[in-house]
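Listed here are the chains, written in short residue letters.
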Amino acid sequence: MSIIAITGTPGVGKTTIVKSLSDANFTIISVKDLAKQYGCEGDFDEATQSMDIDIHRLAEQFETDALGDTIVDGHLSHLLDVDAIIILRCNPTLLKERLAKRGYSEQKITANVEWEMIAGTWSEIIEFELDQPILELDTTNCEPEELCEVITHWINDGYSQQSTHARIDWLAE
Ligand code: ADP
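Values in this document were obtained by computation on a predicted structure and should not be read as measured data. (Residues numbered from 1 in each chain as written. Predicted model: local features only at pLDDT ≥ 70, side-chain atom pairs only at ≥ 80, totals over all residues. Heavy atoms only, no water.)

**A look at the packing of aromatic side chains**
Here is step 1 of the chain: One pass over the full model with this rule turns up two aromatic pairs.
Here is step 2 of the chain: Between Y38 and F62, the aromatic rings sit 6.2 Å apart at their centres with planes inclined by 90 degrees, giving edge-to-face as the arrangement. Placement of Y38 in the loop between helix 2 (31-37) and strand 3 (41-45) and of F62 in the loop between helix 3 (55-61) and strand 5 (70-73) is noted, with a sequence separation of 24 residues between them. (Phe/Tyr/Trp six-rings, centres within 6.5 Å; stacked < 30°, edge-to-face > 60°. Helix = DSSP H or I, 4+ residues; strand = E, 2+ residues; numbered from the N terminus.)

Structure below.
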């Protein structure tokens, strides 16, 4: 039984990819749904237009014993007690277009694009000294099916290839 987080800035393609992974015998759950299930939702945040989630309380309460192979989708999923982490990245210019299409406010788009530019998710992984196997994938020019193949191979291969730091550096491009 493995619990795998799929994380990365909103808009990088997490939900698109997990939809295909559900065919590969994984149960898919979102951090949002887990927060609801465990009563770890906070107030509605007007600035981000989303529900706050108490991710650290959720991490304490998240019961994994009864779960089979599971993928947890969400930009905070790496902060849960998972066995491995997949971090998706996306070129900030394309990310900006994707988030604009979602109708996000200018402020929310900028915050997320900047988070991606500075590899914010990686900063958290390093700050919290997370030591699970990590796979970093660039979704910019890659079809979801192709990414799914890489992911299922990585999992079936026992997470052999691992990253310990961001290999993708948008600021250097
Ligand atoms: P997230 O779950 O990370 O917030 P989504 O999966 O909702 O991101 O994807 C955001 C947008 O980008 C969607 O419109 C989706 O169709 C598109 N998208 C996601 N992954 C890819 C990909 N690999 N190639 C092309 N478009 C993608």
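Having put the structure on the table, let's press on.
**Quick word on the site of the ligand**
Here is step 1 of the chain: Every one of the 13 residues lining the ligand counts as a neighbour, but G11, T15, T16, R102 and C142 are closest to it.
Here is step 2 of the chain: Measuring from an oxygen atom of the ligand, one finds a backbone N or O atom of V12 at 3.3 Å.
Here is step 3 of the chain: One nitrogen or oxygen atom from the side chain of T15 is found 2.8 Å from an oxygen atom belonging to the ligand.
Here is step 4 of the chain: A total of 550 Å² of accessible area belongs to the ligand in isolation, and the protein chains cover 69% of it.
Here is step 5 of the chain: Sorting the residues of the shell around the ligand by element identifies helix 1 (14-21) and helix 7 (144-156) as the ones contributing at least two each.
Here is step 6 of the chain: The biggest single contributor to the shell around the ligand is helix 1, with three residues.
Here is step 7 of the chain: Considered class by class, the residues forming the shell around the ligand number five nonpolar, five polar and three charged. (Near = heavy atom within 4 Å. Polar contact = N/O pair within 3.5 Å; in protein donor to acceptor, adjacent residues only side chain to side chain. Areas by Shrake-Rupley, 256 points an atom, 1.4 Å probe, with all protein chains shown as cover. Nonpolar A, V, L, I, M, F, W, Y, C, P; charged D, E, K, R; others polar.)

**Observations concerning the environment of L147**
Here is step 1 of the chain: Note on placement: L147 falls in helix 7.
Here is step 2 of the chain: By relative accessible area, which is 3% here, L147 ends up buried.
Here is step 3 of the chain: Once the C-alpha coordinates of L147 and I126 are considered, the two residues, 21 residues apart in sequence, prove to be 24 Å apart.
Here is step 4 of the chain: Not counting the four nearest positions on each side in its chain, L147 is found in contact with I17, L137, D138, T139 and C142. (Buried < 20%, exposed > 50% of the residue type's maximum accessible area, 1.4 Å probe, protein only. Contact = heavy atoms within 4.5 Å.)

Everything listed here is a matter of coordinates, which is why it stays silent on function.
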